[in-house]
Amino acid sequence: MSDTPTTEQLTAWVTRFAELVREHRDELTALDSAIGDADHGSNMDRGMTAVVAAVTEAPPADPAALLKKTGATLVSKVGGASGPLYGTLFLRMAGAVEEGFAPALRAGFEGVLARGKAEPGDKTMVDALGPACDVLDAGGSLAEAAQAAADGRDATVPLVARKGRASYLGERSAGHADPGATSTAYLLQAAAETLS
Amino acid sequence: MSVGVVVVSHSRALADAAVELARQMLPGRELAIEVAAGMDDGSLGTDAVAVSEAITAADSGEGVVVLMDLGSAVLSAETALELLDDDVSDRVTLSAAPLVEGLVGAVVVAAGGATRDQVAREAERGLAPKQAQLG
């Protein structure tokens, strides 16, 4: 998808993502209790609920403003590492959204890499976001990007975590999908449902 | 004016206790020590906006050294620098020091009028006394 999404589309995207996070809140927290500090579902739910409230209360005027508001709310309200990471994703997207969704997501991904310093295979959200960006950059559809993110999430199951709280667990972190990669797969699912 | 100190922690109680311990080293002396810890609703977590506000409050123009606990505290502190104007963020040092030991060392030299680099260096060597004792 190379077109620039509208403010309404992006609002629908973050709203749908908030719904998916709410729906899967317990699943995300259960994954995080297996390999982390058991707060990813509740943290992301708190953050995305605050995002929806913020953009409903004072609807941003343009796509960049919507993405900036989303990112600024997440860095303040999530609480865990996913706050600065998802927040940076949206803040960097704001700076590139005029070029289209795919370049914006790529810019956001680069922000996540810079902020978290994770590499592919570290069992993080990078493992879902990177493949989705690659699909979009190659001209693929949002549905294909969402599938790539889901495949990336599934591929984190056998990995040993090398970043974040899960890295304290070493080998014991293998055998579960990464919570951040899982929420990222929902982010791309929401994009496929609302931006196509 | 002194270099300011900011404590970033997941837990308000942890941060306040660390500051209490550190202030014990400063009898009768003033120092700007700001805390950004925990979430509005009392749960554990860090807030980059709160960190940026704490840095602004602690900064008298001489700069700020930020001590953090772990994980998102570090990411939130880094994100906070992006939220600040460059002229402010340019005089902030994020310290890799252990929170409690680093904080105690930092506040003592900061209250003595040291520069930001000196305060940051003192924080970084915060583990040295413990290492020397334990061998």
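Parameters and conventions
Residues numbered from 1 in each chain as written. Chains lettered and ligands numbered in written order. Predicted model: local features only at pLDDT ≥ 70, side-chain atom pairs only at ≥ 80, totals over all residues. Heavy atoms only, no water. Pairing = 2+ DSSP bridges. Helix = DSSP H or I, 4+ residues; strand = E, 2+ residues; numbered from the N terminus. Axes fitted to C-alpha atoms, helices over the stretch in contact; angles between N-to-C directions. Contact = heavy atoms within 4.5 Å. 1 Å grid on protein atoms, 1.4 Å probe; cavity = no way out; pocket = protein on both sides within 12 Å on 5 of 7 lines; lining within 4 Å. Points joined across faces, edges and corners; volume = space filled by probe spheres on them. Nonpolar A, V, L, I, M, F, W, Y, C, P; charged D, E, K, R; others polar. Buried < 20%, exposed > 50% of the residue type's maximum accessible area, 1.4 Å probe, protein only. Lys, Arg positive; Asp, Glu negative; His and termini not counted. Salt bridge = Lys/Arg side-chain N within 4 Å of Asp/Glu carboxyl O. Parallel < 35°, antiparallel > 145°, perpendicular 65-115°, else oblique. Left-handed = near helix turned anticlockwise from the far one by under 90°. Polar contact = N/O pair within 3.5 Å; in protein donor to acceptor, adjacent residues only side chain to side chain. Patch = residues over 30% accessible without salt bridge, like charges linked within 9 Å, V, L, I, M, F, W, Y side chains within 5 Å. Areas by Shrake-Rupley, 256 points an atom, 1.4 Å probe, with all protein chains shown as cover. Charge placed at Lys NZ, Arg CZ, Asp CG, Glu CD. Phe/Tyr/Trp six-rings, centres within 6.5 Å; stacked < 30°, edge-to-face > 60°. Arc of directions from axis to C-beta.

So, about the sheet that holds strand β1 (residues 4–9) of chain B. Residues and elements named next belong to chain B. Across the sheet, 4 strands lie side by side as β2-β1-β3-β4; this open sheet has parallel pairing. The outermost strands of the open sheet, each flanked by one partner alone, are β2 (33–37) and β4 (92–94). For this sheet the average axis-to-axis angle between neighbouring strands, irrespective of direction, equals 20°. Note that β1 and β2 share 5 bridges and pair parallel. Across the sheet, residue Val 5 finds its bridge partner in β2, namely Ile 33. Strand contacts of helix α1 (residues 12–23): β1 and β2, with the helix running at about 160° to β2, the strand carrying the most contacts.

Considering only enclosed or pocket space, the largest pocket measures out at about 850 Å³ in volume. Lining the largest pocket are 37 residues, and of these Ala 81, Leu 85, Lys 163, Gly 164 and Arg 165 of chain A lie nearest its centre. Elements with a contribution of two residues or more to the lining of the largest pocket: α2 (25–35), α3 (40–57), α5 (82–94), α6 (101–116) and α9 (179–195) of chain A together with α3 (72–83) of chain B. The element best represented in the lining of the largest pocket is α3 of chain B, accounting for 4 residues. Counted by class, the lining of the largest pocket contains 14 nonpolar, 13 polar and 10 charged residues.

Turning our eyes to something else, we now look at the side chain of Asp 69 of chain B. Summarising the element assignment, Asp 69 of chain B is placed in the loop between β3 (64–68) and α3. Buried charge Asp 69 of chain B goes without a salt bridge, the closest partner of opposite sign being Arg 165 of chain A at 7.0 Å. Beyond its immediate stretch of four places on either side in the chain, Asp 69 of chain B contacts Val 8, Ser 9, His 10, Leu 14, Val 74 and Leu 99 of chain B.

All names here are of chain A. It is at 8 Å that the axes of helix α1 (residues 7–23) and α9 come closest, and there the two elements cross at 140°. Considered as vectors, α1 and α9 are oriented oblique to each other. Handedness of the α1/α9 crossing: right-handed. Touching Gln 9, Leu 10, Ala 12, Trp 13, Arg 16, Phe 17 and Leu 20 of α1 are Ser 183, Tyr 186, Leu 187, Gln 189, Ala 190, Ala 191, Glu 193, Thr 194 and Leu 195, all from α9.

Bringing the interface of chain A and chain B into the picture now. Counting residues at the interface gives 18 residues for chain A, matched by 19 residues for chain B. Between chain A and chain B we count 5 salt bridges in total. Two residues, Lys 77 of chain A and Asp 40 of chain B, come together in a salt bridge whose shortest N-O distance is 3.1 Å. Summed over the shared surface of chain A and chain B, the number is 10 residue pairs in polar contact (both at pLDDT 80 or more). Every element with two or more residues in the side of chain A that touches chain B is listed here: α4 (63–77), α5 and α6 of chain A. The class makeup of the residues in the side of chain A that touches chain B is 7 nonpolar, 5 polar and 6 charged.

Residues and elements named next belong to chain B. Negative charge collects at one region of the surface, where Asp 85, Asp 86, Asp 87 and Asp 90 lie side by side. Positionally, Asp 86 belongs in helix α4 (residues 86–89). Accessibility expressed as a relative area gives 57% for Asp 86, which makes it exposed.

Between two aromatic rings, the relevant description is the distance of the centres plus the angle of the planes. All names here are of chain A. Enumeration over the complete set of coordinates arrives at 3 aromatic pairs over all chains. Seen from their ring centres, Phe 17 and Tyr 86 are 5.9 Å apart, and the 40° between their planes marks the pair as tilted. Of this pair, Phe 17 sits in helix α1 while Tyr 86 sits in helix α5, placing them 69 residues apart in sequence. Through a chain of ring-to-ring contacts, three or more aromatic side chains come together here, namely Trp 13, Phe 90 and Phe 101.

What follows concerns helix α6 (residues 116–124) of chain B. All names here are of chain B. Along α6, the residues that are buried comprise Val 119, Ala 120 and Ala 123. Down the axis of α6, the sector holding all buried residues measures 95°, keeping them to one side. Those residues of α6 that are buried lie in contact with β3, β4 and α5 (99–111).

All names here are of chain A. Orientation of α2 relative to α9, taken along the N-to-C sense of each, is 160°, at an axis distance of 9 Å. Accordingly, the angle class assigned to the pair α2 and α9 is roughly antiparallel. Seen along the crossing, α2 lies across α9 with a hand that is right-handed. In contact with Glu 27, Leu 28, Leu 31, Asp 32 and Ile 35 of α2, α9 contributes Pro 179, Thr 182, Ser 183 and Tyr 186. When grouped by side-chain class, the residues that make up the contact of α2 with α9 number 5 nonpolar, 2 polar and 2 charged.

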